[in-house]
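Listed below, chain by chain, are the residues.
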Amino acid sequence: MTYTRFIHSKLWAGAVRLVALALLLPLLGACVSADDYDDTPSGNLEALWKALDSHYCFFGYKQIDWNAVYAKYQPMMNAGMTEEQEFEVMTAMLSELRDGHVNLYATFDVGRYWSWHEAYPSNVADTLLRRYLGTNYRIASGMSYRVLDDNIGYVRCATFNQPMSSSGISDMLAWLAPCRGLIIDIRGNGGGTLTSAEELAAHFCNTKTLVGYMQHKRGPGHDDFSSMEAQYLKPSDGVRWQKNVVVLTNREVFSAANEFVKYMKCMPRVKVVGDQTGGGAGLPFSTELPNGWSVRFSACPMYDIAKQCTEFGIRPDYSVELSDADVCRGVDTLIEYARRLLAASSEPKG
């Protein structure tokens, strides 16, 4: 696991930082200040607990008794403990939130919760991806793509960390236009910038489309939220794909990539194949502790078009696991399932 794996959503947060700050402006007068607490193990945990208590957005959804969590971890703090011990206790407390968007940043480590994907099969193998892409593939806006031998287009989108241009996506889709259908493989995509996910999805959208809802935190209470506000995706001005699409997912699809799946499930020609996504449906917000460490956490919840929270992931249309027997034969079960699905849907009717 690399350093970028646990900072991916920090990049996503950067893309929406101004939005998140604007949404939280009504709360700024009540924000927890590092100056309000002593720079001691007890004071740092107190500041951390209070920041989450006032601004974290999923207490009710996850049915977390945050007062009980405080009672459990506060007695563990003492003046004689090392920084590493202090960090360990605080990270354990944050793990009670079961949220991949919650991170504690110290100079020597990053506290994180990764069970949203580590407890499940990866359902992807790099050796198989290299086999399907080969060596003569193209690259546009950070995505690798080629035409498979059954005239199905294959796009590997491993991250949304870098900006995606409409022109780059349009050039890619124009080159793939003769294909019968398209596979977009986002397995292992831990997120990145929300604007990149929106830009790619916009090329599969023909009209302004309702893709979900979000709420804003309006006060320090755990249930102090605004009413749900609709999220819309506008069609791209560039090339828009008009044939069938299969999106491949696994449990490592998170944050902005989770949102991309949410958008794509609203498109009539799109099916999702693979495992449930990892989730990550809260816009992140950051604050600093008295000792200089920073904490990032989910502050504004987002929902699908049925007004269901996607914090714990989105189920696929077709649940498919990578078969060990297929791996031994050099075959990717999910890609082959998608190829059959697209081939069948492109056959003439009657």
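Keep in mind that this is a model prediction, so the values were computed, not measured.

**Topic: the packing of aromatic side chains**
Next, step 1: On inspection of all chains with the given rule, the structure shows 15 aromatic pairs.
Next, step 2: Among the aromatic residues, ring-to-ring pairing joins Trp 49, Tyr 56, Phe 58, Phe 59, Tyr 61, Trp 66, Tyr 70 and Phe 312 into one connected group.
Next, step 3: Seen from the ring of Trp 114, Arg 112 lies directly overhead, with NZ or CZ sitting 4.6 Å from the centre.
Next, step 4: A cation over an aromatic ring shows up here: Lys 217 above the ring of Phe 225, its NZ or CZ 5.7 Å from the ring centre.

**Quick notes on the pairing of strand β4 (residues 143-147)**
Next, step 1: Of the pairings in the sheet, the one linking strand β3 (residues 138-140) to β4 comprises three bridges and is antiparallel in character. Directly across from Ala 140, in β4, lies its bridge partner Met 143.
Next, step 2: Linking β3 to β4, which pair antiparallel, is a turn of two residues; within it Ser 141 sits at a positive phi near 50°.
Next, step 3: As judged from the four bridges shared by β4 and strand β5 (residues 152-156), these two strands associate in the antiparallel manner. Bridging from a neighbouring strand, Arg 146 pairs with Tyr 154 of β5.

**Side note on unusual backbone geometry**
Next, step 1: We note that Asn 151 has phi near 65°; this positive angle belongs to a residue other than glycine.
Next, step 2: Structurally, Asn 151 is set in the loop between β4 and β5.
Next, step 3: A relative accessible area of 29% means that Asn 151 is categorised as partly exposed.
Next, step 4: Its identity is not glycine, yet Ser 255 carries a phi of approximately 60°, on the positive side.
Next, step 5: Here Ser 255 falls in the buried class, since its relative accessible area comes to 0%.

**What to know about the packing of helix α3 (residues 41-55) against helix α6 (residues 83-95)**
The relative placement of two packed helices is expressed as an angle between their axes plus a distance between the axes.
Next, step 1: Two elements in contact, α3 and α6, have axes whose closest approach is 11 Å; the angle formed by their N-to-C orientations is 20°. Here α3 lies roughly parallel to α6, going by the angle between them. Relative to α6, the crossing made by α3 is right-handed. Along its contact with α3, which presents Pro 41, Asn 44, Leu 45, Leu 48, Trp 49 and Leu 52, the element α6 presents Glu 86, Val 89, Met 90, Met 93 and Leu 94.

**Description of the sheet that holds strand β10 (residues 270-274)**
Next, step 1: Strands sit in the order β3-β4-β5-β6-β9-β10-β13 across an open sheet of seven strands; the sheet is mixed. Of all the strands in the sheet, just β3 and β13 (318-319) have a single pairing partner and so form its edges.
Next, step 2: Sheet analysis places β5 next to strand β6 (residues 181-185), joined by five bridges and oriented parallel. Each bridged residue has a counterpart across the sheet, and for Val 155 the counterpart in β6 is Ile 184.
Next, step 3: Lying on the sheet, helix α11 (residues 256-264) is in contact with β6, β9 (245-249) and β10; it crosses β9 at an angle near 150°.

**Re the packing of α3 against helix α5 (residues 66-73)**
Next, step 1: The interhelical angle for the contact between α3 and α5, taken along N-to-C directions, is 170°, at an axis separation of 11 Å. Here α3 lies roughly antiparallel to α5, going by the angle between them. The segment α3 lies against α5, with Leu 45, Glu 46, Trp 49, Leu 52 and Asp 53 engaging Trp 66, Asn 67, Tyr 70 and Tyr 73.

**As for the nonpolar core**
The nonpolar side chains of a soluble globular protein tend to be buried with one another.
Next, step 1: Core analysis: the biggest nonpolar cluster contains 76 residues, and Leu 52 and Phe 260 have the highest contact counts within it.
Next, step 2: Those residues in contact with Phe 260 that sit more than four places away from it in its chain are Phe 160, Ile 184, Ile 186, Ala 197, Leu 200, Ala 201 and Val 247.
Next, step 3: By size, the runner-up hydrophobic cluster in this structure holds 20 residues, among which are Leu 129, Leu 148, Leu 334 and Ile 335.

**Let's talk about the pattern of salt bridges**
Next, step 1: Counted according to the given criterion, the structure contains 15 salt bridges.
Next, step 2: The shortest N-O distance in the salt bridge between Lys 72 and Glu 96 comes to 2.9 Å. Taken as a pair, Lys 72 in helix α5 and Glu 96 in the loop between α6 and β1 (103-105) lie far apart in primary sequence, 24 residues in all.
Next, step 3: Relative accessible area serves as the criterion here: at 25%, Glu 96 is assigned to the partly exposed category.
Next, step 4: For Arg 339, the salt bridge identified is with Asp 150, shortest N-O distance 2.9 Å. Of this pair, Arg 339 sits in helix α13 (residues 333-346) while Asp 150 sits in the loop between β4 and β5, placing them 189 residues apart in sequence.
Next, step 5: Looking at Arg 339, the relative accessible area reads 11%, which means it is buried.
Next, step 6: Sharing partners across several salt bridges, the network here consists of Asp 149, Asp 150, Glu 336 and Arg 339.

**Topic: the side chain of Ser 196**
Next, step 1: Along the chain, Ser 196 falls in helix α10 (residues 194-202).
Next, step 2: With near-sequence residues (within four places) excluded, Ser 196 lies in contact with Phe 160, Gln 162, Pro 163 and Met 164.

**Topic: the pairing of β10**
Next, step 1: Most of β10 is tucked away: four of the five residues are buried.
Next, step 2: Handedness of the crossover joining β9 and β10 through α11 is recorded here as right-handed.

**Topic: the environment of Val 246**
Next, step 1: By the element assignment, Val 246 lies in strand β9.
Next, step 2: C-alpha separation for the pair Val 246 and Val 270, spaced 24 residues apart in sequence, amounts to 5.7 Å.

What counts, and where the lines are drawn
- Every residue gets a number counted from 1 within its own chain, in the order that chain's sequence is written.
- Two thresholds apply to this predicted model, a pLDDT of at least 70 for residue-level local features and 80 or more for giving and counting side-chain atom pairs, whereas whole-chain, interface and lining totals are computed over all residues.
- For side-chain calculations, the full set of non-hydrogen atoms in the structure is used, while hydrogens and water are omitted.
- Think of it this way: a Phe, Tyr or Trp ring, Trp meaning its six-membered ring, pairs with another when their centres are within 6.5 Å, and the plane angle makes it stacked under 30 degrees, edge-to-face over 60, tilted otherwise.
- By definition here, charges over rings are those cases where NZ of Lys or CZ of Arg is within 6 Å of the ring centre and within 35 degrees of the ring normal.
- Strands were regarded as paired on the criterion that DSSP finds at least two bridges between them.
- Think of it this way: any DSSP run of H or I at least four residues long counts as a helix, any run of E at least two long counts as a strand, and we number them from the N terminus.
- Relative accessibility thresholds used throughout: buried, under 20% of the residue-type maximum; exposed, over 50%; partly exposed, between the two (1.4 Å probe, protein chains only).
- A fitted line through C-alpha atoms serves as each axis, taken over the contacting stretch for helices, and the angle formed by two N-to-C directions is quoted from 0 to 180°.
- Every angle not falling under 35 degrees, over 145, or within 65 to 115 is termed oblique; those three ranges are roughly parallel, roughly antiparallel and roughly perpendicular.
- Less than a right angle of anticlockwise turn of the near helix away from the far helix marks a crossing as left-handed, whereas a clockwise turn marks it as right-handed.
- By the convention used here, residues are in contact when the closest approach between their heavy atoms is within 4.5 Å.
- Only buried residues count toward a nonpolar core. Its members are Ala, Val, Leu, Ile, Met, Phe, Trp, Tyr and Cys residues joined through side-chain atoms within 4.5 Å.
- Here, a salt bridge means any Lys or Arg side-chain nitrogen found within 4 Å of an Asp or Glu carboxyl oxygen.
- A clockwise course of the path from the first strand over the helix to the second, judged with the strands pointing away from the viewer, identifies a crossover as right-handed.

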